[in-house]
Every structure is written in structure tokens, then in C-alpha cells.
Amino acid sequence: MNATATKDNANPTVYRPAAAAAGSGSTSSSQDWWRDDAVHVADSKAPFYRSGDPATSVAINGMEIDGQDAELREEIDADEVFDLIRSVTDPEHPLTLEELAVVNAAHITVTRPGDHPGAPKYPCVRLEFTPTIPHCSMATLIGLSLRVRLLHALPPAYKVDILIRPGTHQSEMAINKQLNDKERVAAALENEHLFGVVKGCLESASRRGATEDEWARKADELAKEMGIAV
Amino acid sequence: MGEPSSTPSSSSAPPLELITSLPGHNDRAWSAAWNPRTNLLATCSTDRDVRLFSHSRSSGGHGDTMEGEEQVRFALRETIPTGHKRTVRQVAWSPSGRTLATASFDSTVGIWQQLPPSESGVVDATGSANPSSSSTGMWDCIGTLEGHESECKSVTFNRNGTLLASCSRDKSVWIWEVQPDGDFECLSVLMEHSQDVKCVRWSPREDLLASASYDDTIRLYLDDPSDDWFCYTTLTGHTSTVWSLSFSPCGNHLASASDDSTVRIWSRLDEVQCKARGLQPQGKVAGRAGDRWVCTNVLKGWFGRTVYSVDWAKGREGTLGRLAAAGGDGRICVWEIAQPEGEEGAPVATLIASVEDAHGVSDINCVSWGPMCKAEQDGGEDAARFEEIGEDDDAEMGGNGSDTWGWNHLLASTADDGSLRVWRVPIVSLGSA
């Protein structure tokens with residue numbers, strides 16, 4: 001662990017997180033399987049772009065899109081995206097991005113086909129995050145963690161743009177360009193050390209705003225339900 | 001010359017016809033390349049493999065019109081576990097079709113050649129060599145080019161197969177000489193870009209190299225016979241990373257694809273045209289008159305996200321060819337590029353085919369036109385030579401007259417879900433060709 005003296009922002013302001021959103025879905029129907037983080041392999045290698053079977057999930061020139069995809073797409077809004085990322089932890093501090101006010105739902109925009117004239121035919125997420133200080137050296141790492149989290153947690157149809165909240169970082173444009181260059185991102189995530197740090201930030205992500213205590217209690221309940229408690 | 005924008009008109013073009021969809025790789029498929037001599041198509045991926053597909057055509061017979069009667073079939077011939085330690089980003093064939101180069105994120109370039117059947121396979125009961133393509137593999141790594149300091153992004157052979165260029169995130173472009181004994185010697189390391197170099201491509205007419213970069217520019221390089229390779233001009237105009245380049249078959253135009261969601265066409269003004277416009281020609285070296293490259297077309301409004309790939313191939317007689325482009329919004333567009341109307345005009349781009357969601361929801365990383373047959377390429381008197389690699393791997397000469405139009409209207413595309421698709425430009429959009 002870094003000594004406090006070498007951290008960028010040794011004393012970050014901690015914000016009390018909002019209550020975990022209602023409907024954040026601890027239960028998952030079979031169609032919500034992608035939301036259930038237990039399904040995702042926690043120690044998988046660099047992100048894989050889940051394809052499904054091309055024969056069923058394709059839409060060519062007006063052919064029907066796989067019904068499941070269409071249904072899932074309707075349910076994702078800015079609050080849902082926020083829920084997915086709020087508990088990602090900061091690389092330097094054992095605090096979530098929500099607690100540090102690095103992310104908030106108001107800075108997330110989800111656009112779906114048909115939302116407005118000229119809206120693209122694919123769903124889009126635009127996520128702006130606010131580094132804690134304007135020269136935060138961890139900004140790229142935070143952005144990378146957000147990208148990996150959404151890659152794993154959103155259906156592949158979503159095009160995601162991750163940007164620094166305008167005016168909140170001195171290298172805003174350079175970082176934005178890096179985070180949205182998929183070749184650079186892919187190459188970076190092939191680095192085991194880097195990917196390890198990202199994974200560390202994502203370990204808590206499935207908490208969706210619950211505190212560690214709440215999360216532990218829930219695990220306890222589940223264990224009892226499943227008959228493996230003492 | 002102005003920069004006319006070609007924006008989408010209200011009339012839509014017919015869709016590309018899907019010939020085949022192959023599951024391909026286990027992870028993102030970055031690039032596809034057609035062998036210019038044989039019927040192999042190579043793809044490469046984050047999964048570190050190169051896949052070789054063979055294609056074959058069956059027609060109604062000699063003399064039948066190919067349109068409407070031809071069937072094209074693709075089959076996976078071989079999966080080469082390249083041994084690269086990271087993603088294989090691009091594959092490129094030498095003009096002879098006998099050498100394959102792979103550019104990898106592990107910062108090296110692999111050079112591959114096919115072993116003769118007797119060396120690569122097992123001998124079966126009848127005593128004849130029976131290559132087992134899946135277990136023993138027929139492609140062997142004969143060399144590794146090292147030197148780049150970070151991920152290699154692109155590799156490409158020049159028109160004669162005598163030079164190879166590679167580029168990397170280390171901002172450099174390396175030019176290698178292909179030596180007769182199969183070795184490669186580094187001729188030049190060019191550090192002109194200020195950021196990653198995404199793509200390198202040789203002109204089909206001369207040893208002129210173009211590079212595309214994360215720094216939003218395109219650079220052109222020449223060999224000064226009395227000195228060294230040098231960058232003779234920088235093309236600016238794109239407002240974000242330039243991902244891909246492709247010269248027109250005549251070599252007088254260059255298409256580029258960018259993160260700014262546009263495709264640009266840059267056209268070469270020769271010495272005379274330069275002087276007529278009061279421009280100083282550049283790149284004048286022994287044996288070469290100077291020229292200037294100016295942006296003549298901005299194809300804007302066709303794509304909603306990054307355009308990752310362009311490819312420009314020969315088309316109908318009298319035109320500059322067909323330009324294909326694709327990117328992150330899943331759309332493939334094909335334009336026919338016609339000669340400018342007058343002396344001052346820009347090439348005219350007309351959309352002749354397109355398809356939405358070409359690989360479902362996945363980004364498209366590469367589009368690549370099938371190769372031309374030899375007879376059409378150099379107007380030679382030979383009947384078309386096209387080696388077909390059949391099921392039993394014997395090379396056959398496909399020499400009937402109907403081969404002269406070749407494969408040039410087939411287009412391969414690769415995507416983030418690992419898939420490879422092959423498309424045909426619909427006949428109706430070819431006009432009276």
C-alpha cells in the first residue's frame with residue numbers, strides 16, 4: 001500500500017452514499033442474468049466481447065434483433081448504469097467512486113434508438129466522471145476501470161463513451177482520447193499488472209451502493225437460505 | 001480545389017449481399033487479408049491465432065454468366081497458433097502470396113511461409129504426403145522482426161515484395177528490405193509522428209509509404225537515393241485519430257478513415273498541376289518529379305462512430321475504383337469513385353451499396369476487397385491464373401475465361417465478436433459493366 005504521503009489526494013472528501021437504488025435487483029430472472037455478477041467470471045482475462053451466436057443476435061437491414069437484447073435494452077437507464085459503477089473503488093483509497101463523488105447519476109446519459117430524431121440505431125451510454133483533483137494521476141486508471149466494468153455489465157449492443165467532466169482535469173482532452181481509443185485500451189488491459197489493479201477496483205463493484213456491512217449481512221442470509229450456515 | 005462534402009442523400013443504396021458468416025476467432029478479430037495469388041483469406045485476432053480460410057467457386061460451367069449462378073464457399077483450412085505473446089493486430093501477404101507477415105501487440109512482426117507438403121504432413125498408407133492441416137500445421141515462422149518498443153499496429157509489403165513496413169505505438173515507422181535469402185534488414189526508422197502510428201500502406205505504383213497516426217495526421221515517405229528515407233509531407237485535416245489508409249489502384253489518390261467519423265480522399269497534384277495553382281511541389285528526388293497531396297473529398301455523415309477501416313480496389317472500367325469503409329456503428333459503405341468532372345474538380349463518390357449492423361452489434365475492425373486476377377491487373381496477355389486450393393490441397397490452375405473478372409467484388413469484414421463475413425456487391429449496382 002502506498003504511504004499516505006505519496007498519494008495524489010491524501011485526504012479526499014468523502015460523501016455519504018445515497019441509499020442503494022430500489023429495484024437494484026438482488027433477484028435476477030433468467031433474462032437478467034447479465035446483471036448478476038456471480039455469473040461473470042471474476043478472474044477472467046482481458047475483456048471478451050460477448051458475441052452470442054451471430055446467427056441469432058444479428059440484425060441485417062431490418063431483420064429482427066434477438067428479442068432478448070431488445071428487451072434488456074429498454075430497462076437500462078442512467079440510474080441503472082450508475083448502480084453498476086457506483087461501488088467501483090478508487091485505486092488509491094478504499095472508498096467507492098460514489099463516496100468520492102467521482103461518479104453520479106446526473107452525469108450519465110443513456111440514449112436509446114428512437115429517443116429523439118436522429119438518434120442512432122444503437123443504444124449509447126455517455127459517462128462523465130469527475131476526478132477528485134484537477135491533476136489526479138489516477139484519472140486514466142479510474143476511467144479504465146469504468147470501461148471494463150461497463151464492458152462486463154452492459155449488453156454488447158451498448159456503445160460507451162467515457163469522458164472527464166469538462167473543466168475538472170488539466171489533461172482532460174488527452175485522457176478522453178486515450179479512454180475512447182479501443183486499441184490503446186485493449187493493449188493496456190493485456191498488461192497483467194494494470195489489469196490486476198483494475199480488477200482490484202472492480203471487486204466491490206457488484207455491491208451497487210450497499211455498504212460492506214450490508215453486503216456481508218446479505219451473504220450471511222444467503223448462506224443460511226442455502227443451508228450452509230452453522 | 002475545394003473540399004466538397006459528400007453527405008448522405010435521401011435515396012438509399014442496395015444492401016451488400018452476405019455470402020457467408022464464419023464464427024472465426026475466439027476473441028476480437030482485428031484484420032483480414034486476401035492472398036493475392038491463391039484462394040486463401042487470412043484473419044487475425046486478440047486470441048493470438050491466424051486463421052486461414054480457403055474459398056472456392058462453383059459455377060454453371062464454362063461460358064455461363066457468373067451473375068446469379070455462381071456459388072462461393074468458404075471453409076476454415078487452418079488455425080495457426082502464432083506463438084505471439086499478445087494480440088495479433090494485422091496480417092499482410094507478400095505479392096507472391098508465399099509469405100505472410102503478422103504484426104503483434106508483443107511488439108514483433110512474424111514472418112511466415114508455407115512448408116512443402118512432404119515436410120509438413122504425415123505420410124499415409126499409400127505413401128503419399130497427406131498434410132494434416134490442423135495437427136501439424138503447414139505454415140512455419142521463418143523469422144521475427146524485433147525492434148519496436150511497444151505494440152505493433154500494422155505491417156505491409158510494397159508492390160514488388162522487396163520492402164516491408166511496420167509501425168507501432170512507439171511513434172515510429174520501420175522500413176525493412178526483404179533479402180533474397182529470406183532475411184530482413186532494417187533500412188530506416190522514421191520517428192516523424194508525435195503519437196502512435198496506427199497504419200502503414202504502400203502506394204501500388206511506386207515505393208511511396210503512407211502512415212496514419214493517433215496524432216490526427218497522415219505522413220508520406222520516400223527514399224532519397226542519395227540519402228535516406230524521409231517524410232516529405234504531412235496531410236492534416238482529420239480532427240481525430242486516423243485509423244486506416246488505402247491508395248486508389250492508380251496511386252493518385254489516398255483514402256483515410258478516422259475517429260472523427262469521416263473518410264477523406266486526398267488527391268495528388270503533379271508538378272504541372274502544382275505550378276498551375278502556385279504550389280511548390282514536394283518530394284522531388286532523383287527519378288521522381290515532385291507533387292502535392294490535397295484533401296479533395298470529405299465523406300461526412302455516413303458513420304456515427306469511429307471509422308476503423310478503408311479499402312480501395314479496382315472497379316468498373318473508366319472509374320477510379322470502389323471504396324469500402326466500416327467502423328464502430330456497424331455499418332459498411334461502398335462508394336464508386338469516378339474521375340473528376342473537369343480539371344479543377346474532385347473525384348466523385350457515389351454510394352453503391354451499404355449494410356447496417358453488418359456484424360450485429362459488434363464494431364467492424366477491417367474491410368478488405370478480394371484480390372484482382374492477374375490478367376486484369378496488368379492487362380497481360382496471359383489467361384487468368386488463379387490457383388485454387390481444393391479440399392485435398394493440390395494447387396489447380398483455374399484458367400477458364402470467366403476468371404478474368406476475378407474476386408474483386410467480394411468484400412471481407414471482421415468484427416469485435418471474432419466473426420468474419422464475406423459480402424458481394426450486388427450486380428444491380430454495377431450498372432452496365
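What counts, and where the lines are drawn
- Residues numbered from 1 in each chain as written.
- Chains lettered and ligands numbered in written order.
- Predicted model: local features only at pLDDT ≥ 70, side-chain atom pairs only at ≥ 80, totals over all residues.
- Heavy atoms only, no water.
- UniProt positions renumbered as here; feature names shortened; annotations may be inferred.
- Helix = DSSP H or I, 4+ residues; strand = E, 2+ residues; numbered from the N terminus.
- Buried < 20%, exposed > 50% of the residue type's maximum accessible area, 1.4 Å probe, protein only.
- Contact = heavy atoms within 4.5 Å.
- Areas by Shrake-Rupley, 256 points an atom, 1.4 Å probe, with all protein chains shown as cover.
- Polar contact = N/O pair within 3.5 Å; in protein donor to acceptor, adjacent residues only side chain to side chain.
- Phe/Tyr/Trp six-rings, centres within 6.5 Å; stacked < 30°, edge-to-face > 60°.

You'll find chain B entered in an unreviewed UniProt entry as Probable cytosolic iron-sulfur protein assembly protein 1, with Jaminaea rosea given as the organism. Taken directly from UniProt, the Sequence similarities (unreviewed entry) text for chain B runs: "Belongs to the WD repeat CIA1 family." The Function (unreviewed entry) field of the UniProt record for chain B holds the comment "Essential component of the cytosolic iron-sulfur (Fe/S) protein assembly machinery. Required for the maturation of extramitochondrial Fe/S proteins."

Within an unreviewed UniProt entry, the label attached to chain A reads MIP18 family-like domain-containing protein, and the organism entered is Jaminaea rosea.

Q: For this particular structure, what's the right way to read the overall build of chain A?
A: Along the backbone of chain A there are eight helices and three strands. Helices and strands in chain A line up, N terminus first, as α-α-α-β-β-α-β-α-α-α-α. Classification of the 230 residues of chain A by burial places 45% in the buried group. Of the contacts formed within chain A by residues at least 6 apart in sequence, a portion of 70% connects residues at least 24 apart. Here chain A has roughly 11,900 Å² of accessible surface; of this, 54% comes from carbon and sulfur atoms.

Q: What is the right way to look at helix α6 (residues 182–189) of chain A in this model?
A: Note on helix geometry: an α-helix contains 3.6 residues per turn, so any two residues three or four positions apart are oriented the same way. Residues and elements named next belong to chain A. Judged by how many residues are buried, α6 sits mostly within the fold: seven of eight residues are covered. Among the residues of α6, Lys182, Glu183, Arg184, Val185, Ala186, Ala187 and Leu189 are the ones counted as buried. Among the residues of α6, the N-terminal cap falls to aspartate 181, whose side-chain oxygen and the backbone nitrogen of glutamate 183 are separated by 3.0 Å.

Q: It is not clear to me how the packing of aromatic side chains should be interpreted in this structure. Could you clarify?
A: The relative placement of two aromatic rings is captured by the distance of their centres and the angle of their planes. All names here are of chain B. Under the criterion given, the structure shown has nine aromatic pairs over all chains. Here the aromatic rings of tryptophan 34 and phenylalanine 74 are separated by 6.1 Å at their centres, their planes lie at 75 degrees, and the arrangement is edge-to-face. With tryptophan 34 in strand β3 (residues 29–34) and phenylalanine 74 in strand β6 (residues 71–81), the pair connects residues that are 40 residues apart, well separated along the chain. Taken individually, tryptophan 34 and phenylalanine 74 each receive the classification buried, so the pair is uniform in this respect. Measuring from ring centre to ring centre gives 6.3 Å for phenylalanine 303 and tryptophan 335, while their planes differ by 70 degrees; the resulting arrangement is edge-to-face. Separated by 32 residues along the polypeptide, phenylalanine 303 in the loop between β24 (292–299) and β25 (307–313) and tryptophan 335 in strand β27 (residues 332–338) bring together distant segments of the chain.

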